[in-house]
Structure formats: structure tokens, C-alpha cells
Amino acid sequence: MSNDSYRVLDRDSLPGYLAEIPEVTAVLGDCTDLEILEIGDGNLNFVYRVNNATDSTKSVIVKQAVPYLRMVGEEWPLSRDRMTYEIRALSLYNEVVPDLVPTIYHADEEMSTLVMQCLSDHIILRIGMIEGITYPDVAEHIGLFMAETLFTTSAWSMGSLERRELMDRFTMNAELCKLTEEFIFTFPYMDHESNYSNPATDAWAKENVHTDIDYKRDVLHFKDLFVSKTDALLHADLHSGSLMVNQQESYVIDMEFAYFGPFGFDVGKVISNFLLCCTSHYHRSGGAEYREWLLEQIPVIWNTFEARFLELWEAAGESAMMTNGFFSDTELADMRSAFMVNLLQESAGFAACSMARRTLGIAGVADIRDIEDLEIRSTLEIANLKLSKRLMAERNTLSTIDDMLALIRDYYSSPIL
Ligand code: ADP
Ligand code: SR1
Ligand code: MG
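Treat the numbers as computed from the prediction; the structure is a model and nothing was measured. (Residues numbered from 1 in each chain as written. Chains lettered and ligands numbered in written order. Predicted model: local features only at pLDDT ≥ 70, side-chain atom pairs only at ≥ 80, totals over all residues. Heavy atoms only, no water.)

**What to know about the environment of V96**
Relative to the helices and strands, V96 resides in helix α3 (residues 82–96). Under the relative-accessibility criterion, V96 is labelled partly exposed at 23%. Between the C-alpha atom of V96 and that of T149, which follows or precedes it by 53 residues, the distance is 6.7 Å. With sequence-adjacent residues up to four places away left out, V96 is seen in contact with E148, T149 and T152. (Helix = DSSP H or I, 4+ residues; strand = E, 2+ residues; numbered from the N terminus. Buried < 20%, exposed > 50% of the residue type's maximum accessible area, 1.4 Å probe, protein only. Contact = heavy atoms within 4.5 Å.)

If you want it as C-alpha cells, here you go:
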């Protein structure tokens, strides 16, 4: 996939690179006087905002993968093939959910570079949520994004051959899948040099995570689902840092982890980010009112997701999974109900894993990690771990999203700080 024409772009070389691409000059205009800012705050890549110096409304985003893990440095090599998968997933999303993802201006697999629409009127949802900003439609947008992308690429929608061809285009996103396998499902639950450290949290984790065999067996079950289940093309890194929002619109970015995996991984990851933020607002300024808004978004996400997913399913014709005459309408309806309950329970388990990894692993969330007082931070970290364990242990008792919300509310009804 990669070849020798690759070079790392920087502020000096970007104008020349961009000036050669008609689709980009059509947006930027004259490329001789550009303002270029490196704005990457992610863990893996370099991201530049480039705008015309005389008209800043003419702007693009340039994202380039480098052959290492940015958050660690060049000593952690990582193939830049990840950009090929981001390009493939974003291209597909532009067909399926064009209003919910940035437009592609130019995709260059050899340079591991993507030039796309600059979302200049939007901010990262995580930043907004840390500040206590509410967004009236974001939960609905997230639910729609997941329903459309997950159903459309599932075996309930696609034919067997076309689906396997599509899977083939993502199967070898192997290095990023391995990162997830290790950093979400393995290292956080044991002593590992890569883990984050905060003394009181470490001590609690030693007693209550590293030695909790039932919990670890459950985590391994979810690792198994992640490794083996191929429900649909996942975004696979769908957290509040992968959404850019304003009061009207929401855009999903950063789909480099895309691969065929279990539906519940995307759903659970999203839910966990509302919970992590909710816990942080026991200390942050949003307080009880904002915590309530965060919790209320969870059923909106799920209900929107479920309603649209089922609507698409009911409208679907024959597929890899379904042949006319196999089930009666009633049998099909019963099967769908049981299917959605299972998906909810799997989402709860993946949410539990996501909460633990964001607490104990190398890649934390600013919601919690930016709290300077280590003791307060630790109390909130332990609260997130306890909620993770409860969600995991009780996931199979959940039949509806209201059950999940009741569990979460019950958990938060005991003092957190
Ligand atoms: P990484 O893969 O390294 O995690 P991201 O895709 O998350 O990188 O991008 C890093 C940051 O760049 C985002 O947090 C956001 O601030 C900014 N960014 C990325 N894409 C866009 C875009 N299309 N428009 C505006 N800003 C963007
Ligand atoms: C080393 S793991 C880095 C993490 O950053 C990305 O955003 C993914 O969440 C990944 O797990
Ligand atoms: Mg990324």
C-alpha cells in the first residue's frame, strides 16, 4: 500500500503540495499566501488547518499519517496504512451519511494524506461537554450516524459477495485493530508499563481490577467479540473527540480505526463517553443540571439508533442473512426484538471496557485527566471503574435502554465525591 513517493508534509512544503491539486485550489484560491496551523490534538497523526491569508473563509484541513504513533513518538513505529482505511471509510460515509461527515477534497494514499472540509464553525464535542455546553440535536445525529453506517454495511442489508468484497477492503487494518485489542482489552486490567498512573487509583485497581477474575473474564469475552465478530463496518473510534459540533450540526471525523466488527463496539464507546463526562461534572462546573443533560442523551442516542436501524431493516430486501420465505413476519419481528436486546447488552459490555481503558490505560480522556487535583481525580477515576464493573456484571439483566439508564441513575445516586 505504501511506496517511496511518501514525504512528511510541513508548513514549508504544504503550499507547493496543495497548489498542484485543482480540487483544493478551487476551495483555497491562490496558494501563494496561505496561513497554516498544525492543530492536531489527537493521538496518532498530524492535522493542519490551511486558509487563504486574505480570506480566511477559504480553508481546508490536511491530515497526514506519519510512520509512528504520535502520542509516543518515533520509537513506537506504526504503519501509515491507517490513512488508507480512513480514506476508504470516509469515502463510504460520504455516500451513506453525507451530511454527517466532512467532504473529501483530495485523498492521496501514497502520501497517506487526506484534504477535507474544514469544520471551522464547529468544536470537538468533548471540549464542549467539558465546558458544560448542551447541543440540542447531537444525540439524534449520533444515533442516525450509527444506524445508517452500521445497518448499511451489515449482512442484513448487503448481499454476501458484495459484503465480503467490502470487508476485504478493511480486513488488513491490522495494526490499529491490534492497538485496540491491547489498549482497550488487555493492558488496562493488569500491570503494564504503558498504563497511566495515579497512586490511589493504582492501589484500587490492584485490589479490584487486576484480581477480579470474573470481570477480567468478561473483558476477555468482549475482546473475543472484537476479534471475531464481523457485524458491520465500524467507525471503531467513535468517542466524543471524534465528533465536531455546533448548535445545529454534528460531524463525525477520524475513522482510521474502521474495520468489520461488532455493532455494540461503536454504540458502547459513544455511551461511555457521556458517562465519563458525567462523572467529571461532579467536580466540574456543569454540576447536577449538566450531568442530567448528559444522562438524558443516552436514551436519545439509543432510541434514535434503534428506530432508524429497524426502519432500514424493515425496508431491506433479501440480503446475505435473509431470504424471502425463511421467516414469517411475526417470526422476523420476534427475532429483531431479541437481536436488539442482545445488541444493547453487548453495548453495555463495550461501554464498560471503554470506561476502564480511558481510566487506567495510556489514552485517557481530558474530561478526567485534565483535573489537576490528583486526589479528586482519583476519586472520579475509581467512580468510573466501579460503574464499569457494574455495567459489566449486570449487562445481561438489561432488556431496554430504560433499564440501562435506571442502573446508571442508581449508581450515581450514591455519593461520588
Ligand atoms: P488523530 O487521528 O490524530 O486522532 P483527528 O482526526 O482526531 O486526529 O484530528 C485531530 C484534531 O484535528 C481534531 O481533534 C480536530 O480538532 C481537528 N480536526 C480534524 N479534522 C477536522 C476537520 N475536518 N475540520 C476541523 N478540524 C478538524
Ligand atoms: C495507544 S491507543 C491510542 C488511542 O487513541 C485513539 O483515539 C484510539 O482511541 C486509540 O485506542
Ligand atoms: Mg485518530
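**Thoughts on the packing of helix α10 (residues 263–280) against helix α12 (residues 329–360)**
Interhelical geometry of α10 versus α12 gives an angle of 50 degrees and a closest axis separation of 7 Å. Comparing their axes, α12 and α10 come out oblique. As for how α10 packs across α12, the hand of that crossing is right-handed. Where α10 approaches α12, its residues F263, G264, F265, V267, G268, K269, S272, N273, L275 and L276 are matched on the opposing element by F339, L343, E346, S347, F350, A351, S354, M355, R357, R358 and T359. (Axes fitted to C-alpha atoms, helices over the stretch in contact; angles between N-to-C directions. Parallel < 35°, antiparallel > 145°, perpendicular 65-115°, else oblique. Left-handed = near helix turned anticlockwise from the far one by under 90°.)

**Description of the packing of helix α7 (residues 174–183) against helix α9 (residues 213–228)**
If you want to describe how two helices pack, look at the angle between their axes and the distance between the axes. It is the contact of α7 with α9, at a shortest axis distance of 10 Å, that shows an interaxial angle of 175 degrees. With respect to α9, the axis of α7 lies roughly antiparallel. Seen from α7, the contacting residues are C177, T180 and E181; seen from α9, they are K223, F226 and V227. Counted by class, the contact of α7 with α9 contains three nonpolar, one polar and two charged residues. (Nonpolar A, V, L, I, M, F, W, Y, C, P; charged D, E, K, R; others polar.)

**Description of the domain arrangement of the chain**
If you check the domain split of the chain, you get domain 1 (32–117) and domain 2 (123–412). Using C-alpha coordinates to define each centre, domain 1 is positioned 24 Å away from domain 2. Counting from both sides, the interface comprises 26 residues of domain 1 and, opposite them, 30 residues of domain 2. Among the residues domain 1 hides against domain 2, the three largest losses belong to Y85, Y93 and L100. Together they make up 29% of the total. Taken together, the links from domain 1 to domain 2 amount to two salt bridges. Here D254 makes a salt bridge to K63, at a shortest N to O gap of 2.8 Å. Linking domain 1 with domain 2 are seven residue pairs in polar contact (both at pLDDT 80 or more). Mapped onto the side of domain 1 that touches domain 2, the elements with two or more residues apiece are β5 (73–77) and α3. Element by element, the count of residues in the side of domain 1 that touches domain 2 is highest for α3, at nine residues. (Domains from an automatic or database assignment. Buried area = accessible area lost by both parts, 1.4 Å probe. Salt bridge = Lys/Arg side-chain N within 4 Å of Asp/Glu carboxyl O. Polar contact = N/O pair within 3.5 Å; in protein donor to acceptor, adjacent residues only side chain to side chain.)

**Regarding the sheet that holds strand β11 (residues 250–252)**
One open sheet holds the three strands; their spatial order is β8-β10-β11, and the pairing between them is antiparallel. If you trace the sheet from one side to the other, it starts and ends with β8 (123–124) and β11, each paired once. In the sheet, strand β10 (residues 243–245) pairs with β11 via three bridges, with the strands oriented antiparallel. Opposite M244, over in β11, you have Y251 as the bridge partner. (Pairing = 2+ DSSP bridges.)

**Details of the coordination of the magnesium ion (ligand 3)**
Only D254 (OD), D254 (OD) and E256 (OE) from the protein reach the magnesium ion (ligand 3) as donors, at distances of 1.9 to 2.3 Å. In this pair, the class of D254 matches that of E256, namely buried. (Donors = N, O, S within 2.8 Å, 3.2 Å for Na, K, Ca; no water.)

**Examining the sheet that holds strand β7 (residues 113–117)**
Here five strands make up an open sheet; going across it, the order is β1-β2-β3-β7-β6 and the pairing antiparallel. Looking at strand neighbours, the two that pair on one side only are β1 (34–38) and β6 (104–108), the edges of this open sheet. Direction aside, the axes of adjacent strands within the sheet are offset by 20 degrees on average. As paired strands, strand β3 (residues 55–64) and β7 are joined by five bridges and run antiparallel to one another. Each bridged residue has a counterpart across the sheet, and for V62 the counterpart in β7 is V115.

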